[in-house]
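# Per-entry structural report
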Amino acid sequence: MSAAGTGHTVGALSLRPLDPLEDAELLHSWVTDPKAAFWMMQDAKLQDVEREYMAIAANEHHHAYLGLHDGRPAFLMEKYDPRYIELVGLYEPEPGDVGMHFLVAPTDRPVHGFTRAVITAVLDELFADPRTRRVVVEPDVTNKAVHALNEAVGFVPEREIEKPEKRALLSFCTRERFLNRRSPASRGVSL
């Protein structure tokens, strides 16, 4: 998987299954960083992170992956089945819906276009499964940066919903919208 989501390459991106115990310390440093406020784990202890990701690993409808940039940990991706996780009773799922969360690791040296490349690679991974028809997200309504990023890759907001932990903007991205939003230079690139 190489990243070319913005028309220029930012390096090689890859995914591997998350190891809840081996990766917990790294994840803890990411999710408790002030830049990850929307991840809602600011006060989490290391054991809280271990428990959260052990629960995800044990759930057949929820999966977590560590994203690597040129072989180094750089982002987190979760995919889930919205019929069973996160959005139960909040919307009517359609066949082929897949829920997604992603978090880019905090850094003092940001790479221009990196977050866009990450979300593009994440969507490429999800749409690589022919059963995936739409990707569903539910970011906090106040997270304007992610709303702009989501729109740039093809998400369309449907409506605000009330979740137990936040007011969220329910948004969908179809395979067709995603492919139409990809830059011409990145179309056909195998991620």
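Residues numbered from 1 in each chain as written. Predicted model: local features only at pLDDT ≥ 70, side-chain atom pairs only at ≥ 80, totals over all residues. Heavy atoms only, no water.

### Section: the confidence of the model for the protein
Fine structural detail should not be taken from predicted coordinates in areas where pLDDT scores are low. This is how it is decided: By definition, pLDDT measures how confident the predictor is in each residue, and it falls between 0 and 100. Here a strand is any run of E in DSSP of at least two residues, a helix any run of H or I of at least four, and the numbering for each starts at the N terminus. Should any heavy atoms of two residues lie within 4.5 Å, those residues are counted as being in contact.
Chain-level statistics for the protein give a pLDDT mean of 90 and a share of 91% at 70 or above. Per-element confidence in the protein ranges from a low mean pLDDT of 42 for strand S1 (residues 2-3) to a high of 98 for strand S6 (residues 134-137). Every residue in residues 184-191 is under pLDDT 50, and counting partners more than four places away or in other chains gives 17 contacts.

### Some thoughts on the nonpolar core
Counted only if it meets this: The definition of a nonpolar core used throughout is a set of buried Ala, Val, Leu, Ile, Met, Phe, Trp, Tyr and Cys residues joined through side-chain atoms within 4.5 Å. Note on exposure labels: buried denotes an accessible area under 20% of the residue type's maximum, exposed denotes more than 50%, and partly exposed covers the range between, all computed with a 1.4 Å probe on protein chains only.
The biggest cluster of nonpolar side chains holds 26 residues, and the ones touching the most others in it are Met 100, Ile 119, Leu 123 and Phe 155. Elements with a minimum of two residues in this core: strand S4 (72-80), strand S5 (97-104), helix H3 (114-127), S6 and helix H4 (144-153). Core analysis: the next-biggest nonpolar cluster, separate from the first, contains 17 residues, Leu 18, Val 31, Ile 56 and Leu 68 among them.

### Re the side chain of Ser 171
Following the sequence through the fold, Ser 171 ends up in strand S8 (residues 167-174). Note on Ser 171: relative accessible area 3%, which makes it buried. Those residues in contact with Ser 171, other than ones at most four positions away along the chain, are Val 135, Val 136, Val 137, Phe 155, Val 156, Pro 157 and Glu 158.

### Concerning the packing of aromatic side chains
Inclusion rule: Any Phe, Tyr or Trp ring, taking Trp's six-membered ring, that has another such ring centre within 6.5 Å forms a pair; planes under 30 degrees apart are called stacked, those over 60 apart edge-to-face, and the others tilted. By definition here, charges over rings are those cases where NZ of Lys or CZ of Arg is within 6 Å of the ring centre and within 35 degrees of the ring normal.
Counting across every chain of the model gives 2 aromatic pairs. Centroid distance Tyr 91 to Phe 172: 5.5 Å. Interplanar angle 50°. Geometry classified as tilted. One end of the pair, Tyr 91, is in the loop between S4 and S5; the other, Phe 172, is in strand S8, and 81 residues separate them in sequence. When sorted by exposure, Tyr 91 lands in the same class as Phe 172, which is buried. Considering the side-chain rings of Phe 127 and Phe 178, the 5.7 Å spacing of their centres and the 25° angle between planes classify their relative orientation as stacked. Of this pair, Phe 127 sits in helix H3 while Phe 178 sits in helix H5 (residues 175-181), placing them 51 residues apart in sequence. Judged by its relative accessible area of 6%, Phe 127 falls in the buried class. Positioned above the aromatic ring of Phe 172 is the side chain of Arg 134, whose terminal nitrogen or guanidinium carbon lies 3.9 Å from the ring centre.

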